[in-house]
Amino acid sequence: MIKIDQYFDPAGWQKFTQAAKDRPTPFLVVDLSRIKIKYQEMVGLFPNAKIHYAMKASPAVEVINLLASLGSNFDCASVYELDRVLDCGVSPDRISYGNTIKKAEHVKYAFDKGIDLFATDSEADLKNIAQFAPGSRVFVRILVQGSETAEWPLSRKFGCHPDMAIDLLIQAKKLGLVPYGVSFHVGSQQKDVAAWDDAIAKVKYLFDWMKKEEDTKLQMINLGGGFPTNYISEVNPLQVYADEIKRYLSEDFDEDDMPEIILEPGRSLVGGSGVLVSEVVLISRKSHTDLTRWVYTDVGLFQGLIETLGEAIKYPVYTPKMETSVKEGTVVLAGPTCDSTDIMYEEAGYQLPEELEIGDKIYWLTTGAYTNSYSSVEFNGFPPLEVVYID
Ligand SMILES: *Cc1c(COP(=O)(O)O)cnc(C)c1O
């Protein structure tokens, strides 16, 4: 059973419950002060890196304004995200365009707005950048391992083989672009710190090759995101990742010739800032002798819990009756819509108190990342997830 003090100190939890009081569910409460603490922790652990917040994890202006005021840079994946950050007053030199999949007209739009730092992983995209964002800095995203140990893998779709990355960097130079660096993403909610080691070794190979064969000095390594947050299974603190990654870097690169380092955290910065508050709509069993209860809540995959697809991300699920319950039993947790994929956990064996009743509150902890941005507009008429910001 979840103990709330594994996730929050009493004062921290009180803030959430206070904000949740007397408000019709469902909604997400986001405590901005927790994002601030995470950001400052990351800056402290990586003092020489530039942080480009991957804004898709939580793209609200409240979050952008906070991080902008703390000095963060931003990575955007579309012109729509770009407009949002620019509207918040962030200057274009603090923004990268990290999506390798983009229309030519969007490259032009971004360039016209002052963006000159682009990710790429294909020749067609590189040519668009050369044509519509002439002279820009480009970094090539490489394919890396890590899909087995990441709970939300990002491999396959993005990145290219290191040999192709070399060709793209050479071509970038020929096309009048600045071959600026190399990026990777080890997969989101990556628990295995060794995934960064493998990736950094590949980057090192690319840096050496470009220097030796092409007399071109690459300047930047983008280590991506992937740092985990606390769901039901414990993860190492960020400090462990930072120490190991800095060690890998210093093994592969000279201290006095260290490339610029960019980090693109999303989940790890904002995941712990959110609690999704829902209510039990229905409890039922599928037969008279069924031991498993089906618990339907007023949130599901379409109100922000899409990362439970395949039961990939396992959120801590808390209900106040856990404090006093004498017996708990296995449940299937499902959402309120008419879509049969709208089941959060069937195999995972979540346990909830036998005393649970219709109308009880269910708190989904650590739901600050990839929830409100993924919530659907009106599937079955359910409105998008409401968000309440506190600090
Ligand atoms: C989504 C994404 C990130 C953020 O990843 P997290 O695992 O949430 O930290 C960073 N960089 C790129 C290019 C991304 O697409």
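The model shown is predicted, which means the values in this text are computed figures rather than measured ones.

Scoring rules and cut-offs
Residues numbered from 1 in each chain as written. Predicted model: local features only at pLDDT ≥ 70, side-chain atom pairs only at ≥ 80, totals over all residues. Heavy atoms only, no water. Patch = residues over 30% accessible without salt bridge, like charges linked within 9 Å, V, L, I, M, F, W, Y side chains within 5 Å. Areas by Shrake-Rupley, 256 points an atom, 1.4 Å probe, with all protein chains shown as cover. Salt bridge = Lys/Arg side-chain N within 4 Å of Asp/Glu carboxyl O. Helix = DSSP H or I, 4+ residues; strand = E, 2+ residues; numbered from the N terminus. Buried < 20%, exposed > 50% of the residue type's maximum accessible area, 1.4 Å probe, protein only. Phe/Tyr/Trp six-rings, centres within 6.5 Å; stacked < 30°, edge-to-face > 60°. Lys NZ or Arg CZ within 6 Å of the ring centre and 35° of its normal. Near = heavy atom within 4 Å. Polar contact = N/O pair within 3.5 Å; in protein donor to acceptor, adjacent residues only side chain to side chain. Nonpolar A, V, L, I, M, F, W, Y, C, P; charged D, E, K, R; others polar. Pairing = 2+ DSSP bridges. Axes fitted to C-alpha atoms, helices over the stretch in contact; angles between N-to-C directions. Parallel < 35°, antiparallel > 145°, perpendicular 65-115°, else oblique. Left-handed = near helix turned anticlockwise from the far one by under 90°. Contact = heavy atoms within 4.5 Å.

Help me understand a nonpolar patch on the surface, please; the structure alone is not making it clear to me.
Judged by side-chain polarity, Val281, Leu282 and Ile358 come together as a nonpolar surface patch covering roughly 260 Å² of accessible area. Along the chain, the position of Ile358 falls in the loop between strand 16 (343-353) and strand 17 (361-365). On the basis of relative accessible area, Ile358 is assigned to the exposed category, the value being 53%.

I keep staring at the pattern of salt bridges and nothing clicks. Help me out?
A side chain with one charge can pair with a side chain of the opposite charge if their charged atoms come near. In the structure shown here, the tally under the stated rule is 20 salt bridges. With its nearest N and O atoms 2.8 Å apart, the salt bridge here joins Asp116 to Arg137. Pair noted here: Asp116 is in the loop between helix 5 (104-112) and strand 5 (117-120) and Arg137 is in strand 6 (residues 137-141), with a separation of 21 residues, a long-range link. Looking at Asp116, the relative accessible area reads 28%, which means it is partly exposed. Of the charged contacts, one joins Lys191 and Glu151 as a salt bridge, the two residues approaching to 2.8 Å between their closest N and O atoms. Taken together, the residues Lys191 in the loop between strand 9 (188-190) and helix 8 (194-214) and Glu151 in strand 7 (residues 150-152) connect sequence positions 40 residues apart.

Looking at this model, I keep getting lost on the packing of aromatic side chains. Mind explaining?
Enumeration according to the criterion identifies 20 aromatic pairs in this entry. Centre to centre, the rings of Trp13 and Tyr363 are 5.1 Å apart; their planes meet at 70°, and the pair counts as edge-to-face. Within this pair, whereas Trp13 is found in helix 1 (residues 10-20), its partner Tyr363 is found in strand 17, the two being separated by 350 residues in sequence. Residue Trp13 is classed as buried on the basis of its relative accessible area of 12%. For Tyr363, a relative accessible area of 8% corresponds to the buried category. When the centroid spacing of 6.4 Å and the interplanar angle of 90° are considered together, the rings of Phe227 and Tyr241 count as edge-to-face. Taken together, the residues span a long stretch of sequence, with Phe227 in the loop between strand 10 (220-222) and helix 9 (238-252) and Tyr241 in helix 9 at a distance of 14 residues. Both residues of the pair, Phe227 and Tyr241, belong to the buried class. Chaining the aromatic ring pairs together yields one cluster made of Phe8, Trp13, Phe16, Tyr318 and Tyr363. Directly above the ring of Tyr97 sits Lys102, whose terminal nitrogen or CZ lies 5.7 Å from the centroid.

Help me understand the site of the ligand, please; the structure alone is not making it clear to me.
Near the ligand the following residues occur: Ala54, Lys56, Arg141, His185, Ser188, Gly225, Gly226, Glu264, Pro265, Gly266, Arg267 and Tyr370. Between the ligand and Gly266, the relevant distance is 2.9 Å, taken from an oxygen atom to a main-chain nitrogen or oxygen of the residue. The backbone of Arg267 places a nitrogen or oxygen atom 2.8 Å from an oxygen atom of the ligand. Look at the ligand: alone it shows 390 Å² of surface, and the protein chains cover 92% of it. A class-by-class count of the residues in the shell around the ligand yields 3 nonpolar, 5 polar and 4 charged.

Before we go on, may I ask you to explain unusual backbone geometry in this structure?
A negative phi angle characterises most non-glycine residues, just as the trans form characterises most peptide bonds. Cis geometry marks the peptide bond from Thr25 to Pro26, where omega comes out at 5°. A positive phi angle, close to 55°, is found at Thr366, a residue other than glycine. By the secondary structure assignment, Thr366 is in the loop between strand 17 and strand 18 (386-390). Even without glycine at this site, Tyr370 takes up a positive phi of about 55°. Structurally, Tyr370 is set in the loop between strand 17 and strand 18.

Help me understand the pairing of strand 12 (residues 274-284) in this model?
Within a regular beta strand, the side chains point alternately toward one face of the sheet and then the other, so they alternate between its two faces. One ladder, built from 4 bridges, connects strand 1 (residues 27-31) with strand 12; its direction is antiparallel. In the strand pairing of strand 12, Phe27 is matched with Val277. In the sheet, strand 12 pairs with strand 17 via 5 bridges, with the strands oriented antiparallel. Opposite Glu279, over in strand 17, you have Lys361 as the bridge partner. The pairing of strand 12 with strand 13 (residues 293-297) spans 4 bridges and is antiparallel. Following the sheet pairing, Ile283 is matched in strand 13 by Val295.

I would appreciate a short explanation of the packing of helix 2 (residues 32-45) against helix 3 (residues 61-69) in the present structure.
Direction vectors running N to C along helix 2 and helix 3 enclose 40°, while the axes themselves pass 10 Å from each other. As the angle between them shows, helix 2 and helix 3 are arranged oblique. Both helix 2 and helix 3 take part in a crossing whose hand is right-handed. When helix 2 is examined against helix 3, the residues Leu32, Ile35, Lys36 and Tyr39 are found in contact with a partner set consisting of Glu62, Val63, Leu66 and Leu67. A per-class count over the contact of helix 2 with helix 3 returns 6 nonpolar, no polar and 2 charged.

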